[in-house]
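As a plain string of letters, each chain reads:
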Amino acid sequence: MTEKYDAIVIGAGHAGCEAALALARLSLKTAIFTVSVDSIAMMPCNPNVGGTSKGHLVREIDALGGEMGKNIDRTFIQSKMLNQSKGPAVHSLRAQADKKEYSYAMRKVLEETENLSIKQGEITEFIVEKGEIRGVRSYTGNVYECQAVVLCTGTYLNARCITGETSVYTGPNGLQAATHLTDSLEKLGISVRRFKTGTPARIDGRTIDYSKMEPQYGDEKIVPFSFTNKAEDLEREQVKCWLTYTNVETHQVIRDNLDRSPLYSGYIKGTGPRYCPSIEDKVVRFADKNRHQVFIEPEGNYTNEMYVGGMSSSLPEDVQEKMYRSVPGLENARIVRNAYAIEYDCIDSLELLPTLELKKVKGLYSAGQANGSSGYEEAAAQGLVAGINAARKCLGQEPIIIDRSQGYVGVLIDDLVTKGTNEPYRMMTSRAEYRLLLRQDNADERLTKLGYEIGLIPEERYQHFVEKYEQIEKEIERVKNTFVGNTEEVQKLLDEYNSTRLVSGISLAELIRRPELNYDCLASIDEERPDLSEEVREEVNINLKYEGYIKRQQKQVEQFHKLEKKKIPADIDYEDVKSLRLEAIQKLSDIRPESVGQAARISGVSPSDISVLTVYLEQYNRKQVR
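Since the model is a prediction, treat every value here as computed from it, not as a measurement.

Q: Would you mind going over the overall build of the protein with me for this structure?
A: Across its full length, the protein carries 20 helices and 24 strands. Relative to a compact globule of 626 residues, whose C-alpha radius of gyration would be 25 Å, the protein shows 26 Å and is just as compact. Oriented by its inertia axes, the alpha-carbon framework of the protein measures out at about 80 × 80 × 50 Å. A total of 626 residues make up the protein; the buried ones form 58% of that total. Of the contacts formed within the protein by residues at least 6 apart in sequence, a portion of 72% connects residues at least 24 apart.

Written as structure tokens, this is what we have:
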């Protein structure tokens, strides 16, 4: 039996959902395959969306027209803005999700989307002719012809779940693993790696003594993930989370049983995430620390299951019970689901173009943990970009590449395809060199116009966006040209905020730049102040306070763009570039960077190599002109 589609998405996790929605919303007839329809947008690990740097990704997904931000706004049970004591560049929104509701709500969106068909089944083979994708074949032998495929298999490829000496060849939560597709990838000459991640136990909330823990509350003022939502529309009763700590006894239980840990016995072969280590890793790597944070987080409104954040493990079941019960508040805890590690196959991300298309197979794209990343947010961001570019391929349009100066999405993808990763890649604010420009509050300013041009942002939303930034620009100009003198009213306000009194007149903009003052606190001395929304006022305040720093980063971006504009011919033979070091020749030949800027970010390519390459390209281009 043969069916025809424009595009096929393999996997219905966070990457697959965004990829399929982008394709279908751009009018491509699309089918999304999953091993279980009940696992659509499943959260097999932490029950939250966002967090440091990850919150930036979710807001960028929304600005481009993706769904994750809207879905977590529908289904969150606690919302919190992190890092508020620091500068706006690292403010990050994080929301606790009702896991089941999140999955159900996303499934409903998929089911109600035109051009999109959901199919339960395992894809086992890519059908490729002359280096181009022609379709896929299912386990039952059905053929699905198409022009583009997006691989979003998450942690399911040859997955193996491990607890102590016991291992089961399944995907997360005991779901069926995808055991055939790796062979098809390797037959196409695509390099495959073995990575590992893990998840902590889930505990019956009725058996927890919360009096020994510190309550963690959500914010009173809700900040939406989606720019389409208003804070007042999202107000709801929020759940509490709880903070406790491991102790010397916990660490001793772990040390006494390290020989039974598959991580240290050699039973686990895959490489785990450095920035999200298991509790065994923490105890070994940070031996000087007597305690580690443990967050107790509800899995949802309609379950007693509590997620034990910070204590992922692959220790045997009996050791887990001793370990968890040594933590204050968990002395009588009953484990509902044991912690486990999961090993899985993924591709070498250096096999990808910046569009997330495989270099060796035209029309085959890959996104999410299949590319060696970790996290729901990183997966969704890649899925959206892969879906957009797969759609544009089908429609005969130029691909979209988001660069490092445009968004965390660009940093994420550029790091994967240029630097590669030897461990599950996690997004962090420190990876973004232009992070003051890439704030979570201005994701719409950076990416909504692009989302509109792509076709994922509707006209009404785009016009609202245009009006918002016209208001911001107009208000910044007004504040810069509005002056106040050393009147008694002004001096009294300055005294109230412990700010230096005025000797002569000064603009409101200059006052806003003072660390102890802000746009809103000057309302009483600003007679012509217009009635503006909170999000507009926030942007005015940030842009004025950090104007000098922002301009400095904008100059850095200009230099960055100069190198990005210096394109490298696809057919260049790096062996012909005299004076290039051997390592640089090998790395450049393998990765095939598209620009000098990308070449400069490759590990093992030095500044002197870039100088040599630049001179060579100038000579090469002159010859082409002749």
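Having put the structure on the table, let's press on.
Q: Looking at this model, I keep getting lost on the environment of Ala287. Mind explaining?
A: Secondary-structure assignment places Ala287 in the loop between α8 (279–285) and β18 (293–298). A sequence separation of 305 residues divides Ala287 from Arg592, and the C-alpha atoms of the two residues are 42 Å apart.

Q: I'm lost on the sheet that holds strand β22 (residues 364–366) in this one. Help?
A: Whether parallel or antiparallel, the strands of a sheet pair through hydrogen bonds between backbone atoms. If you trace the five strands from one edge of the open sheet to the other, you get β7-β3-β2-β11-β22, paired in parallel fashion. Single-partner strands in this sheet number two, and they are β7 (116–120) and β22. Neighbour-to-neighbour, the strand axes of this sheet turn through a mean angle of 20°, independent of strand direction. The sheet contact formed by strand β3 (residues 30–34) and β7 spans five bridges and is parallel. Residue pairing for β7: Ala31 is matched across the bridge by Ser117.

Q: What is the right way to read the environment of Glu534 from this model?
A: Mapped onto the secondary structure, Glu534 falls in helix α16 (residues 534–545). Residues Glu534 and Ala231 lie 303 residues apart in sequence; the distance between their C-alpha atoms is 9.9 Å.

Q: Help me understand the layout of surface pockets, please; the structure alone is not making it clear to me.
A: Space left empty within the atom packing is revealed by a probe, the size of a water molecule, rolled over the atoms. Here the second largest pocket is characterised by a volume of approximately 1400 Å³. Lining the second largest pocket are 43 residues, and of these Lys221, Glu534, Glu535, Val536 and Glu538 lie nearest its centre. Residue assignment for the lining of the second largest pocket shows that the elements contributing at least two residues are α12 (443–454), α13 (459–480) and α16. Ranked by residues supplied to the lining of the second largest pocket, first place goes to α16 with nine residues.

Q: Sorry if this is basic, but what is going on with the sheet that holds strand β14 (residues 192–199) here?
A: The strand order β13-β12-β21-β14 describes an open sheet built from four strands, whose pairing is antiparallel. Both edges of this open sheet fall to β13 (166–168) and β14, since each of them pairs with a single strand only. Strand-to-strand twist across the sheet, computed as the mean angle between neighbouring axes with direction ignored, equals 25°. The sheet contact formed by strand β12 (residues 160–163) and strand β21 (residues 340–347) spans three bridges and is antiparallel.

Q: Whenever I open this one, the packing of helix α2 (residues 54–64) against helix α10 (residues 376–394) confuses me. Can you help?
A: Between two packed helices, both the angle of their axes relative to each other and the distance between the axes serve to describe the pair. Running from amino to carboxyl end, α2 crosses α10 at an angle of 25°, the nearest separation of the two axes being 9 Å. By the angle between their axes, α2 is roughly parallel relative to α10. Between α2 and α10 lies a crossing of left-handed hand. Residue-level inspection shows Lys54, Leu57, Val58, Ile61 and Leu64 of α2 in contact with α10, the latter providing Glu377, Glu378, Ala380, Ala381 and Leu384. The residue makeup of the contact of α2 with α10, split by class, is seven nonpolar, no polar and three charged.

Q: Please clarify how helix α14 (residues 488–496) should be interpreted in this entry.
A: Each α-helix winds once per 3.6 residues, and so residues spaced three or four apart point in a common direction. Taken residue by residue, α14 has Val490, Gln491, Leu493 and Leu494 as its buried positions. One side of α14 holds all its buried residues, which, seen down the axis, span an arc of 160°. Facing away from the buried side of α14, by more than 90 degrees, are the exposed residues Glu488, Lys492 and Glu496. The elements touched by buried residues of α14 are β23 (483–484) and α15 (508–512). A positive backbone phi angle near 55° is found at Asn498, which sits one or two residues after α14.

Q: It is not clear to me how the side chain of Gln369 should be interpreted in this structure. Could you clarify?
A: Assignment of secondary structure puts Gln369 in the loop between β22 and α10. Residue class for Gln369 comes out buried when judged on its relative accessible area of 18%. The residues contacting Gln369, other than those within four sequence positions of it, are Gly154, Thr155, Tyr344, Cys346, Ser374 and Gly375.

Q: Explain the nonpolar core to me, please; I cannot follow it from the model alone.
A: In a soluble, globular protein the nonpolar side chains are often hidden away together inside. The biggest cluster of nonpolar side chains holds 104 residues, and the ones touching the most others in it are Ile8, Ile10, Phe126, Val149 and Val150. For this core, the leading source of residues is α10, giving eleven residues. If sequence neighbours within four positions are ignored, Ile8 has contacts with Ala31, Phe33, Val136, Tyr144, Cys146, Ala148, Val149 and Val150. Listed in part, the 26 residues of the second largest apolar core include Phe465, Ile476, Val479 and Ile512.

Q: Is there a simple way to explain a negative patch on the surface in this structure?
A: Residues Glu467, Glu470, Glu473 and Glu477 make up a contiguous surface patch of negative charge. When its relative accessible area of 48% is taken as the criterion, Glu477 is described as partly exposed.

Conventions used here
- Residues numbered from 1 in each chain as written.
- Predicted model: local features only at pLDDT ≥ 70, side-chain atom pairs only at ≥ 80, totals over all residues.
- Heavy atoms only, no water.
- Helix = DSSP H or I, 4+ residues; strand = E, 2+ residues; numbered from the N terminus.
- Rg over C-alpha atoms; globule rule 2.2 N^0.38 Å.
- Buried < 20%, exposed > 50% of the residue type's maximum accessible area, 1.4 Å probe, protein only.
- Contact = heavy atoms within 4.5 Å.
- Pairing = 2+ DSSP bridges.
- Axes fitted to C-alpha atoms, helices over the stretch in contact; angles between N-to-C directions.
- 1 Å grid on protein atoms, 1.4 Å probe; cavity = no way out; pocket = protein on both sides within 12 Å on 5 of 7 lines; lining within 4 Å.
- Points joined across faces, edges and corners; volume = space filled by probe spheres on them.
- Parallel < 35°, antiparallel > 145°, perpendicular 65-115°, else oblique.
- Left-handed = near helix turned anticlockwise from the far one by under 90°.
- Nonpolar A, V, L, I, M, F, W, Y, C, P; charged D, E, K, R; others polar.
- Arc of directions from axis to C-beta.
- Core = buried A, V, L, I, M, F, W, Y, C linked by side-chain atoms within 4.5 Å.
- Patch = residues over 30% accessible without salt bridge, like charges linked within 9 Å, V, L, I, M, F, W, Y side chains within 5 Å.
- Areas by Shrake-Rupley, 256 points an atom, 1.4 Å probe, with all protein chains shown as cover.
- Salt bridge = Lys/Arg side-chain N within 4 Å of Asp/Glu carboxyl O.
- Lys, Arg positive; Asp, Glu negative; His and termini not counted.
- Charge placed at Lys NZ, Arg CZ, Asp CG, Glu CD.

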